[in-house]
Structure formats: structure tokens, C-alpha cells
Amino acid sequence: MIRLKNEKQIDGIRKSCKLLSAMYRELIPLVKVGVQTIEIDRWVQEWIKRAGGKPVFLGYGQPKNHTPYPAAMCISINDEVIHGIPSKRRIREGDLVSLDCGIDLGGFISDQAISIEAGKVSKPVHDLNIATRECLYRGIAAVKAGDRLLQIARAVESHAKVRGYGIVHEFCGHGVGLALHEDPQVPNYPHGPNPRMNNGMVFAIEPMINLGTGDVETLEDGWTVVTADNQVSAHWEHTVAIINDQVEILTEPLEGMVS
Ligand code: MF3
Ligand code: CO
């Protein structure tokens, strides 16, 4: 069931989204070659606590995972697609570092992901990163009250497909705002339910696009999702709302800072 949000609820979700993007703005300059991903997560946990929020991913459990997610942020490097667990691993020159985080601010949930190029990445990786971000904005441009949701999926898919990239099918965007994962599912290829988009809908659009195959596997830690061919993957995500027949991007654009 899709929960439509009223104006007051959207105000709360917007605040949560602005806080999340403000956190990213301070964090991005710290995501550099030599830094351990666990250090990034500690910083994130501290920042969110100080700002009066709660990290939504920390302790989050999905039925098919045996262990609750152990960190505030997902940090997925190169062939890691999503749900990379922060560790002692250090960021290296040329890595593509995908960050994904959500904040609970007074019960209102935000969700945003970006892929950061550490130092100089190869041209194919840079091009993939730019194209993935473009997929996100193509998807957002396809949001229209009264139209069908899978219009988003078609826009994302076509932008990735003509470039020969693999589109991850196993994971998708989602309704968000009062919980991290709400209806509807927002896939990156036309598949499944195709409800009408309506005023009051809030959802996360999050293309996960690969240099090679779109097939993925989950590691033994129960969380880390990697590409089946170990080629690089990129991930960009915004939380958006439909208000007064307009789409509003609730999280803030961060691309000026990362590539
Ligand atoms: N942005 C991701 C999602 O929407 C992150 C979830 S990570 C989890 O699914 F740990 F919270 F599961
Ligand atoms: Co999400």
C-alpha cells in the first residue's frame, strides 16, 4: 500500500533530507585516498547524533539477511554495488567509492547515495559515474503526477542501455519518508507493479549501473553486493516528492563536489 504524505509530513521529510545532504557536504572532502572506510562511518555516526538525528541503516535488518546492518553508511568500492560494510579497508587512488546513507529526524526518513572518484579514476569509470548520475536525473525528469511509475524505469534503462552498461535488476528504489522501505518499488527497468504517480508520493530513485554485466552476487557477510564479473559499479540516489503536480528533489545535488 502506498502511503501518501500530507504537507506537514513532507515538511518533516524535507528537513531530514536537507540534513542528510548537509552532512554529505561536510563529509565529501574527507573521503580521500588513505582513509579507512570505518573512519568515515564513525564520523557519520557522530555527525548524525550531534545533529539530533538517528542513522536509519544502523541495525536495519531485512528478512533475507541474517545480521542487522552494522553501520550508519554503506560504503561500496569499485565492484561493490551496494551495502558495502565499513572496515579497515583504505581508499586507494582510482577507486570509485559509493556512499549511501539515511537519517531519521523526528520519525522522518531520508535516503541519498553518491559515487565519489578518489584521485584520478580511469576514463571508463569516470564515464560510468557521470552516466549513472544522468540516469538518476533522467528518472527524476520522468516523474509526473498522473503518469505511470515505470516511466521512470524506462528513462533510466534507456540511458544506460545505449551506452552498453549493465543495469542491476535485483535491487531498486522505493517509497520512503515514514519508513526506509515503503511501497512502491521503483525499479530501474520496467518490471512489476505500475501504479500511477500521485501528489503526496515520496520515493527514492537509485540507479545502480555497471560497466559490465548487471548480474550481482551477495558476499558471505550477508550484505555486500558485488558485480558478478567484478567490474566497477556506480550508484546515485535522491529522495523526491510529488507536490502540487510538481516533482521536488528533497535531497540536495552534490555533483559539483565529487567529479
Ligand atoms: N539506500 C539503500 C536502500 O534504500 C540502503 C539500505 S542499507 C540498509 O535500500 F542497511 F539499511 F539496508
Ligand atoms: Co534507497
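Parameters and conventions
Residues numbered from 1 in each chain as written. Chains lettered and ligands numbered in written order. Predicted model: local features only at pLDDT ≥ 70, side-chain atom pairs only at ≥ 80, totals over all residues. Heavy atoms only, no water. Helix = DSSP H or I, 4+ residues; strand = E, 2+ residues; numbered from the N terminus. Rg over C-alpha atoms; globule rule 2.2 N^0.38 Å. Contact = heavy atoms within 4.5 Å. Areas by Shrake-Rupley, 256 points an atom, 1.4 Å probe, with all protein chains shown as cover. Lys, Arg positive; Asp, Glu negative; His and termini not counted. Charge placed at Lys NZ, Arg CZ, Asp CG, Glu CD. Core = buried A, V, L, I, M, F, W, Y, C linked by side-chain atoms within 4.5 Å. Buried < 20%, exposed > 50% of the residue type's maximum accessible area, 1.4 Å probe, protein only. Near = heavy atom within 4 Å. Polar contact = N/O pair within 3.5 Å; in protein donor to acceptor, adjacent residues only side chain to side chain. Nonpolar A, V, L, I, M, F, W, Y, C, P; charged D, E, K, R; others polar. Axes fitted to C-alpha atoms, helices over the stretch in contact; angles between N-to-C directions. Parallel < 35°, antiparallel > 145°, perpendicular 65-115°, else oblique. Left-handed = near helix turned anticlockwise from the far one by under 90°.

Chemist: Honestly, the overall build of the chain in this entry has me stumped. Any pointers?
Modeler: Of regular secondary structure, the chain possesses four helices and 17 strands. Taking 18 Å as the expected radius of gyration for a compact globule of 259 residues, we find that the chain reaches 17 Å, a close match to that expectation. Once the C-alpha set of the chain is aligned to its principal axes, its extents read approximately 45 × 45 × 40 Å. Considering only contacts in the chain between residues 6 or more positions apart, those separated by 24 or more positions represent 71%. Accessible surface, the chain as shown: approximately 11,100 Å² in total, 51% of it carbon and sulfur. Placing the 27 positive and 32 negative side-chain charges of the chain at their respective mean positions leaves the two points 4 Å apart.

Chemist: Got a minute to help me understand the nonpolar core in this structure?
Modeler: Most often, soluble globular proteins have nonpolar side chains that are buried together. Within the largest apolar cluster, 54 residues are counted, with the highest numbers of intra-cluster contacts made by Y24, M73, L99, I152 and F203. A per-element tally of this core places helix α3 (residues 123-141) first, with six residues. Leaving out residues up to four positions away in the same chain, L99 has contacts with Y24, L27, V31, M73, C74, I75, Q112, A113, I114 and I116. Listed in part, the 16 residues of the second largest apolar core include I13, Y69, A71 and A241.

Chemist: It is not clear to me how the site of ligand 1 should be interpreted in this structure. Could you clarify?
Modeler: As a matter of local geometry, ligand 1 sits amid 13 residues, with D100, D111, H174, H181 and E206 nearest to it. Take D111: an N or O atom from its side chain is 2.9 Å from an oxygen atom of ligand 1. One of the side-chain nitrogen or oxygen atoms of H181 is found 2.7 Å away from an oxygen atom of ligand 1. Protein chains bury 95% of the 330 Å² of accessible surface belonging to ligand 1 in isolation. Here the shell around ligand 1 is composed, by residue class, of six nonpolar, three polar and four charged.

Chemist: How should the packing of α3 against helix α4 (residues 150-161) be read in this particular structure?
Modeler: Two numbers describe a pair of packed helices, the interaxial angle and the distance between the axes. Closest axis-to-axis distance for the α3/α4 pair is 8 Å, and the angle between their directions is 155°. As judged from the angle between their axes, α3 and α4 are roughly antiparallel. Here the hand of the crossing between α3 and α4 comes out right-handed. When α3 is examined against α4, the residues A131, E134, C135, R138 and G139 are found in contact with a partner set consisting of I152, A155, V156, H159 and A160. A breakdown of the residues in the contact of α3 with α4 according to their chemical character gives six nonpolar, two polar and two charged.

Chemist: For this particular structure, what's the right way to read the environment of V31?
Modeler: Within the element layout of this structure, V31 appears in the loop between α1 (7-27) and α2 (37-50). V31 sits 139 residues away from E170 along the chain, and the two C-alpha atoms are 28 Å apart.

These figures capture arrangement, not role.
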